[in-house]
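One letter stands for each residue in the lines below.
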Amino acid sequence: QVQVVESGGGLVQPGGSLRLSCAASGSFIAIYAMGWYRQGSGNEREMVARMDSAGNTRYSDSVKGRFTIFMDNAKNTAYLQMNSLKPEDTDVYYCLVNTRYDYWGQGTQVTVSS
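Residues numbered from 1 in each chain as written. Predicted model: local features only at pLDDT ≥ 70, side-chain atom pairs only at ≥ 80, totals over all residues. Heavy atoms only, no water.

Quick look at the nonpolar core
Within the largest apolar cluster, 26 residues are counted, with the highest numbers of intra-cluster contacts made by W36, F67, L80, M82, Y93 and V97. Residue assignment for this core shows that the elements contributing at least two residues are β1 (2–7), β3 (18–26), β4 (33–38), β5 (46–52), β7 (67–72), β8 (77–82), β9 (91–98) and β11 (108–112). Looking at this core element by element, the count peaks at 4 residues for β3. Residues in contact with Y93, not counting those within four places in the same chain, are E6, L20, W36, Y37, R38, V48, F67, L80, M82, G107, T108 and V110. (Core = buried A, V, L, I, M, F, W, Y, C linked by side-chain atoms within 4.5 Å. Buried < 20%, exposed > 50% of the residue type's maximum accessible area, 1.4 Å probe, protein only. Helix = DSSP H or I, 4+ residues; strand = E, 2+ residues; numbered from the N terminus. Contact = heavy atoms within 4.5 Å.)

Written as structure tokens, this is what we have:
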């Protein structure tokens, strides 16, 4: 079984910054990719940022230039550095860990408000 533990969410004013963390542990040999998603307005979660084991990244157009995903492979941990935050970034953010199967974290709340 794989455990996914997220942290770093909270309340911040517009223009501020947060850093989210996602640590994976359990019965896996390798992580193929990790990513951050948010609920959005629909039933399907939307991709915010992803990184594979080779270092390739993808970002949602709405966060390019403001958010950065990076990984510490030795710790099996992914981070999302969120800068220049806007009220529309307010959401629950979920970490996805892709091994042989996909595993989701419980979500962490990010609130951007003055």
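Looking at the state of the cysteines
Defined simply, a disulfide is a covalent bond joining two cysteines at their sulfur atoms. Under the defined criterion, the tally for this structure stands at 1 disulfide. Residue C22 pairs covalently with C95 via a disulfide, S to S 2.0 Å. Judged by the sign of its S-S torsion, about -85°, the cystine formed by C22 and C95 is left-handed. Residue C22 is found in strand β3, and its partner C95 is found in strand β9; the two are separated by 73 residues along the sequence. An identical accessibility class is assigned to C22 and C95; each is buried. (Disulfide = S-S within 2.5 Å.)

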